[in-house]
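# Coordinates in review
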Amino acid sequence: MTSITINSQLSDSFKQFVTVDAHTEGEPLRIIISGYPEIKGETILAKREYVQAHLDSYRKLLMHEPRGHADMYGALITEAVTDDADFGVLFLHNEGYSSMCGHGILALVKVMCQTGTIQLTASTKVDAKVIKIDSPAGLITARAYRDNQGEIQASFINVDSWADALDCTVDVAGFGMVNYDIGFGGAYYAYVDADAHGISCDTNNVAELIDLGRRIKLAVMAQHSLKHPVESDLSFLYGTIFTSKKVTNPEAHSRHVCIFADGEVDRSPTGTGVSGRIALLHAKGEVALKQPIIIESIVNGRMIVSATSQSQFHGKQSVLPEVSGRAFITGKHEFYLDPEDIFQNGFILR
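Owing to the predicted nature of the structure, the values given are computational and were not obtained by experimental measurement. (Residues numbered from 1 in each chain as written. Predicted model: local features only at pLDDT ≥ 70, side-chain atom pairs only at ≥ 80, totals over all residues. Heavy atoms only, no water.)

### A closer look at the overall build of the chain
Put simply, the test is: Each helix is a run of H or I in the DSSP string that is no shorter than four residues. Each strand is a run of E no shorter than two, and both are numbered from the N terminus. We compute the radius of gyration from the C-alpha atoms alone; for a globule the expected value is 2.2 Å times N to the 0.38, where N is the number of residues. Think of it in three bands: residues with accessible area under 20% of the maximum for their type are buried, residues over 50% are exposed, and the middle band is partly exposed, with areas taken using a 1.4 Å probe on protein chains only.
Per the secondary structure count, the chain includes five helices and 18 strands. On C-alpha atoms alone, the chain measures out to a radius of gyration of 20 Å, which is about the 20 Å that the 2.2 N^0.38 rule sets for 350 residues. Overall size of the chain, expressed as C-alpha extent along the three principal axes, is 60 × 50 × 50 Å. Residues classed as buried in the chain amount to 55% of the 350 residues present.

### What about helix α1 (residues 44-54)?
Going by this rule: Taking the helix axis as origin, the arc is that swept by the directions to the C-beta atoms. For this analysis, residues touch if any pair of their heavy atoms sits within 4.5 Å.
Those residues of α1 that fall on the buried side of the exposure criterion are I44, L45, K47, R48 and V51. Down the axis of α1, the smallest arc covering the buried residues is 160°, so these residues share one side. Exposed residues lying more than 90 degrees from the buried face of α1 are A53 and H54. Looking at the buried positions of α1, the neighbouring elements they touch are α2 (56-63), β3 (74-78), β4 (87-92), β5 (97-98) and β6 (129-135).

### Description of the packing of aromatic side chains
Stated formally: We call Phe, Tyr and Trp rings a pair once their centres come within 6.5 Å, taking the six-membered ring for Trp, and we label the pair stacked below 30 degrees between planes, edge-to-face above 60, and tilted otherwise. Charge-over-ring placement is defined geometrically: NZ (Lys) or CZ (Arg) within 6 Å of the ring centre, and within 35 degrees of the ring normal.
For the structure shown, the criterion picks out 14 aromatic pairs. Look at F236 and Y238: their rings are 6.3 Å apart centre to centre, the planes differ by 85°, and that puts the pair in the edge-to-face class. For Y238, a relative accessible area of 5% gives the class buried. On the basis of an interplanar angle of 45° and a centroid distance of 5.4 Å, the ring pair of Y238 and F260 is categorised as tilted. Taken together, the residues Y238 in strand β12 (residues 237-244) and F260 in strand β13 (residues 254-260) connect sequence positions 22 residues apart. In this pair, the class of Y238 matches that of F260, namely buried. The ring of F17 carries the charged tip of K15 above its face, separated from the ring centre by 5.7 Å.

### Focus: the side chain of K110
Worth spelling out the cut-off: Counting rule for charge: Lys and Arg are taken as positive, Asp and Glu as negative, and neither His nor the chain ends is counted. Each reported salt bridge corresponds to a side-chain nitrogen of Lys or Arg within 4 Å of a carboxyl oxygen of Asp or Glu.
Structurally, K110 can be placed in helix α3 (residues 102-114). E151 is the oppositely charged side chain nearest to the buried, salt-bridge-free K110, at an N-O distance of 7.4 Å. What K110 contacts, discounting residues up to four positions off in sequence, is I152, A327 and F328.

### Brief notes about the nonpolar core
Counted only if it meets this: Take the buried Ala, Val, Leu, Ile, Met, Phe, Trp, Tyr and Cys residues and link them wherever side-chain atoms come within 4.5 Å; each set so joined is a nonpolar core.
If you look at the biggest cluster of nonpolar residues, it comprises 82 residues, and the most contacted ones within it are I105, V109, I131 and F242. Take this core: its biggest share by element is eight residues, from α3. Setting aside chain neighbours within four positions, we find V109 in contact with I131, I133, A142, A144 and A154. Within the second largest apolar cluster, 18 residues are counted, among which are I39, I44, L55 and L62.

### Considering unusual backbone geometry
Along the chain, E65 connects to P66 via a cis peptide bond; the corresponding omega equals 5°. Within the secondary structure, P66 is located in the loop between α2 and β3. Phi is positive for K290, which is not a glycine, with a value near 65°. Secondary-structure assignment places K290 in the loop between α5 (271-283) and β15 (293-296). Judged by its relative accessible area of 61%, K290 falls in the exposed class. At N300, a residue that is not glycine, the phi angle is positive and equals roughly 70°. Mapped onto the elements of the fold, N300 is located in the loop between β15 and β16 (302-313).

### Regarding empty space enclosed by the protein
Selection criterion: Think of a 1 Å grid over the protein atoms and nothing else: a 1.4 Å probe that fits but is trapped marks a cavity, an open set flanked by protein within 12 Å on at least five of seven lines marks a pocket, and residues with an atom within 4 Å of a point count as lining. Grid points are joined across faces, edges and corners, and a volume is the space filled by probe spheres set on the points. Throughout, the ten residues Ala, Val, Leu, Ile, Met, Phe, Trp, Tyr, Cys and Pro are labelled nonpolar, Asp, Glu, Lys and Arg are labelled charged, and all others, Gly among them, are labelled polar.
With the rule as written, the count across this model stands at one cavity of 30 Å³ or more. Here the largest cavity defines a volume of roughly 80 Å³. Those elements that place two or more of their residues in the lining of the largest cavity are α3 and α5. Broken down by class, the residue content of the lining of the largest cavity amounts to six nonpolar, five polar and two charged.

### Remarks on the pattern of salt bridges
Scanning all chains against the criterion turns up 14 salt bridges. A salt bridge links R67 to D341, with the shortest nitrogen-to-oxygen separation between them at 3.1 Å. One end of the pair, R67, is in the loop between α2 and β3; the other, D341, is in the segment after β18 (327-337), and 274 residues separate them in sequence. A residue is classified by how much of its surface remains accessible, and D341, at 23% relative accessible area, is partly exposed. Measuring nitrogen to oxygen at the nearest pair gives 3.0 Å for the salt bridge that ties R214 to D262. One end of the pair, R214, is in helix α4 (residues 206-223); the other, D262, is in the loop between β13 and β14 (264-265), with 48 residues separating them in the sequence. Classification of D262 by relative accessible area gives partly exposed; the value is 38%. Among the charged side chains, a network of salt bridges with common partners joins E25, R302 and R326.

Right, here's the structure in full:
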């Protein structure tokens, strides 16, 4: 094979971005480590507003084709904004910015530990390294340690999560009546029992899941108003999560297929989604405190979640979920924006 050396020196007019890419249980995460200017704002929500107003073209560049794809997901690291935090993070996707992302937290922790950005000396969960992260949904406490095999184990305690509404019904155009619950686990989701409605959660049914997930989300939004007890910016329905008892792992409690943002399909069970789900299951008396369950994804990834404790969050009966999952580095990339590129904001095809 002929070896060719390409000179990488480019004009200063080219904008450069450097990312480390990873996945958690199959769901991608593009961690942006350089290329953005200073992100202004005294709080994480203020920083998110600043990025939305002034830097959104960068999100489109890195999430959309030809550099990304319709289901790409990103993490933009910021300085900490609270005294306890080690750093902050904003989460990006095809439609905009999410309030919290569990698979993103797990991948960030794994990448930082594996690259030596965060030093690990702990060898058990009891003395695990504590990493605190400012997210738009609140302060996240993650933990990491190396097990006896030297492998990095990561988990996080999510924000207060609760059952917001139970046993609701909505008429979905072209499908009929759909029963749903609404749970909050850092974002609001409508949870639909796929088995009860004859909906397959297999990979060969992705097109129908995207279509139904979008239609259910829009129908629920039209009839069910949401109000976060503290932050109005979090008062929106992020997606639809189909749940199923038809699992491939006999140890799994159930399967999740999350359709979020503009029809994105989560390859993982969804960190915020399993958090909302454990809150719903606990509210219904189906899962006890500290009882861990395995939830698998559409590609047979899995997350372990438990409700560690009960609490009160501004009038909401909530639980604090603990979530763990596996993450892996997939690459490091240098992306360039040619000032003459005809697709400055990229594009998305389904």
